[in-house]
Amino acid sequence: MWELMLATEQLDIYMDEVNLRLEIRLKSERDSTPLTIRMNHTDLTQLIYTLLEINRSFRGDIPFFHTKKLPGKA
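So, a few notes on the structure that sits alongside this text. No experiment lies behind these values; they were computed from the predicted model shown.

What counts as what
- Residues numbered from 1 in each chain as written.
- Predicted model: local features only at pLDDT ≥ 70, side-chain atom pairs only at ≥ 80, totals over all residues.
- Heavy atoms only, no water.
- Helix = DSSP H or I, 4+ residues; strand = E, 2+ residues; numbered from the N terminus.
- Buried < 20%, exposed > 50% of the residue type's maximum accessible area, 1.4 Å probe, protein only.
- Polar contact = N/O pair within 3.5 Å; in protein donor to acceptor, adjacent residues only side chain to side chain.
- Contact = heavy atoms within 4.5 Å.
- Patch = residues over 30% accessible without salt bridge, like charges linked within 9 Å, V, L, I, M, F, W, Y side chains within 5 Å.
- Areas by Shrake-Rupley, 256 points an atom, 1.4 Å probe, with all protein chains shown as cover.
- Salt bridge = Lys/Arg side-chain N within 4 Å of Asp/Glu carboxyl O.
- Pairing = 2+ DSSP bridges.
- Axes fitted to C-alpha atoms, helices over the stretch in contact; angles between N-to-C directions.
- Expected span 1.5 Å × (residues − 1).
- Phe/Tyr/Trp six-rings, centres within 6.5 Å; stacked < 30°, edge-to-face > 60°.
- Lys NZ or Arg CZ within 6 Å of the ring centre and 35° of its normal.

The next thing to look at is the side chain of E23. Topologically, E23 is positioned in strand β3 (residues 21-26). Residue class for E23 comes out buried when judged on its relative accessible area of 2%. In terms of polar contacts, E23 uses its side chain to reach the side chain of R25, at 2.5 Å. If we ignore the near neighbours within four places in the chain, the residues touching E23 are W2, D12, I13, Y14, T36, I37 and R38.

What follows is the structure, given as structure tokens:
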């Protein structure tokens, strides 16, 4: 069952707690039908980490540690 978690002029975010799904509806001035994106818990976690990394970059934060690339790994 979808529950509305956030509603703004640009987007609505819904959560399905039973099936562990997230739905984002992006509104457009040109189209009456919003663009809908659904993701599972894994996708949501990756999105959160990515957004946090972008936020740290915007703020100019210095990381406490740097990840070390292993030899032979891309």
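Before going further, it helps to spend a moment on a nonpolar patch on the surface. Together, L26, L35 and I37 give the surface a local cluster of nonpolar side chains, amounting to about 230 Å² of exposed area. For L35, a relative accessible area of 53% translates into the label exposed.

Our next topic: unusual backbone geometry. For residues besides glycine, phi is generally negative; the peptide bonds are generally trans as well. Phi at L20 is positive, roughly 50 degrees, even though this residue is not glycine. Here L20 lies in the loop between β2 (11-16) and β3. Taking relative accessible area as the criterion, L20 reaches 56% and is therefore assigned exposed.

The four strands lie next to each other as β1-β2-β3-β4, forming an open sheet whose pairing is antiparallel. Edge positions in the sheet fall to β1 (2-7) and β4 (35-40), since each has one partner strand and no second. Going across the sheet, the axis of each strand differs from the next one's by a mean of 20 degrees, ignoring polarity. Bridge count between β1 and β2: five bridges; the pairing is antiparallel. Looking at the pairing, L4 lines up with Y14 of β2. Sheet strands touched by helix α1 (residues 41-59): β3 and β4. Its angle to β4, the strand with the most contacts, is close to 105 degrees.

Before going further, it helps to spend a moment on α1. In an α-helix there are 3.6 residues to a turn, and that puts residues three or four apart on one side. Its 19 residues place the ends of α1 27 Å apart at the C-alpha level, agreeing with the 27 Å of an ideal helix rising 1.5 Å per residue. The backbone nitrogen of T42 lies 3.1 Å from a side-chain oxygen of the residue at the head of α1, namely N40. Of the residues trailing α1, G60 is marked for its positive phi of about 80 degrees.

This brings us to the packing of aromatic side chains. Applying the stated criterion to the full structure yields zero aromatic pairs. The residue whose ring lies beneath R25 is Y14, and the NZ or CZ to ring-centre distance is 4.1 Å.

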